[in-house]
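What follows is the residue order along each chain.
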Amino acid sequence: MLDKFITPVIKPLLTPVVMLMHKRGITADQLTVVGFLVGLLAVPLLAFEMWYGALVAIALNRILDGLDGALARYANQSSSAGGFLDITLDFLFYAAIPLGFILANPEQNAIAGSLLLATFIGTGSSFLAFAIAAEKFKLEKPQFKYKSFYYLNGLTEGTETIALFIAFCIWPQHFAVMASIFAIACGITIFTRIHGGYHTLKQQEVDANKAAENEPSSANSEVIND
């Protein structure tokens, strides 16, 4: 929900760092992989209840995640392969953080953490499934034109998820409550994406069928006029 407002603010701040990295020969894909590995360090840190160490790993992951896309665009290296790598590792990272809290305190966090992971699957699958169909119909991306594929909006997006992870690390004793509330919000996102995505694609199919039906008649009228 907040991504479309936060992204334009952050992008200009990344430019000086991106220019320096480009001069050093660093590629966007390298940043994506390094950022993912740094993010995974949060899992053992969380498991051993080193909350602020995990918070640093999470923050670094998100900074590098912002830099990789900005670098790809600055260096004219944006690609479907890079976009695929980025979003895949992002979702793996998102799933890893609740797992770290479950490992830290299974008795207290297992149910809420599992519920959150289940809803993460729902938000991720609805997001990516719509992106595939949107590519087929060549749907425009008015809010995220710089992205490799269509970004379907929702109540819970990247900004909200990172804010949640930060809150987890600051108040780990309240993980179960916060995870449960966010899981409900994710459920709303899943419903709105499925409902909105289904009807959007249904309308696209109707429009495409109408266009296909009109093509032969247009061709015939041209022949008659000739």
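The preceding data block contains the structure.
Since the structure is predicted, the reported quantities are computational estimates derived from the model, not experimental observations. (Residues numbered from 1 in each chain as written. Predicted model: local features only at pLDDT ≥ 70, side-chain atom pairs only at ≥ 80, totals over all residues. Heavy atoms only, no water.)

Novice: Help me get a handle on the nonpolar core, residues and values and all.
Specialist: In this structure, Phe-93, Ile-97, Phe-101, Leu-116, Phe-165 and Phe-168 are the most contacted members of the largest nonpolar core, which totals 29 residues. Elements that contribute at least two residues to this core include exactly α3 (42-47), α4 (51-74), α5 (80-104), α6 (106-137), α7 (158-170) and α8 (175-225). Apart from residues no more than four positions distant in its own chain, Ile-97 is found in contact with Gly-39, Ala-42, Leu-46, Ile-58 and Phe-165. Among the nonpolar cores identified, the runner-up in size contains 9 residues, and Leu-31, Leu-64, Leu-67 and Leu-71 belong to it. (Core = buried A, V, L, I, M, F, W, Y, C linked by side-chain atoms within 4.5 Å. Buried < 20%, exposed > 50% of the residue type's maximum accessible area, 1.4 Å probe, protein only. Helix = DSSP H or I, 4+ residues; strand = E, 2+ residues; numbered from the N terminus. Contact = heavy atoms within 4.5 Å.)

Novice: Describe in detail a nonpolar patch on the surface, supporting the description with residues and values.
Specialist: On the surface, Tyr-52, Ile-166, Ile-170 and Trp-171 cluster together into a nonpolar patch covering about 400 Å² of accessible area. Of note, Ile-170 is situated in helix α7. (Patch = residues over 30% accessible without salt bridge, like charges linked within 9 Å, V, L, I, M, F, W, Y side chains within 5 Å. Areas by Shrake-Rupley, 256 points an atom, 1.4 Å probe, with all protein chains shown as cover. Salt bridge = Lys/Arg side-chain N within 4 Å of Asp/Glu carboxyl O.)

Novice: How would you sum up the environment of Gly-82? Please name residues and give values.
Specialist: Within the secondary structure, Gly-82 sits in helix α5. Along the chain, Gly-82 and Ala-28 lie 54 residues apart, while their C-alpha atoms are 7.7 Å from each other.

Novice: Outline the pattern of salt bridges, supporting the account with residue identities and numerical values.
Specialist: Tallied over the full model, the rule gives 2 salt bridges. A salt bridge links Asp-65 to Arg-62; the shortest N-O distance between them is 3.2 Å. With a gap of 3 residues between them, Asp-65 and Arg-62 both fall in helix α4, about one helical turn apart. Here the two residues Asp-65 and Arg-62 agree in accessibility, since each one is buried. Two residues, Arg-62 and Asp-90, come together in a salt bridge whose shortest N-O distance is 3.0 Å. Here Arg-62 is found in helix α4, whereas its partner Asp-90 is found in helix α5, with 28 residues between them in sequence. Taken as a pair, Arg-62 and Asp-90 share a single burial class, namely buried. Three or more residues are tied together by salt bridges with common partners; here these are Arg-62, Asp-65 and Asp-90.

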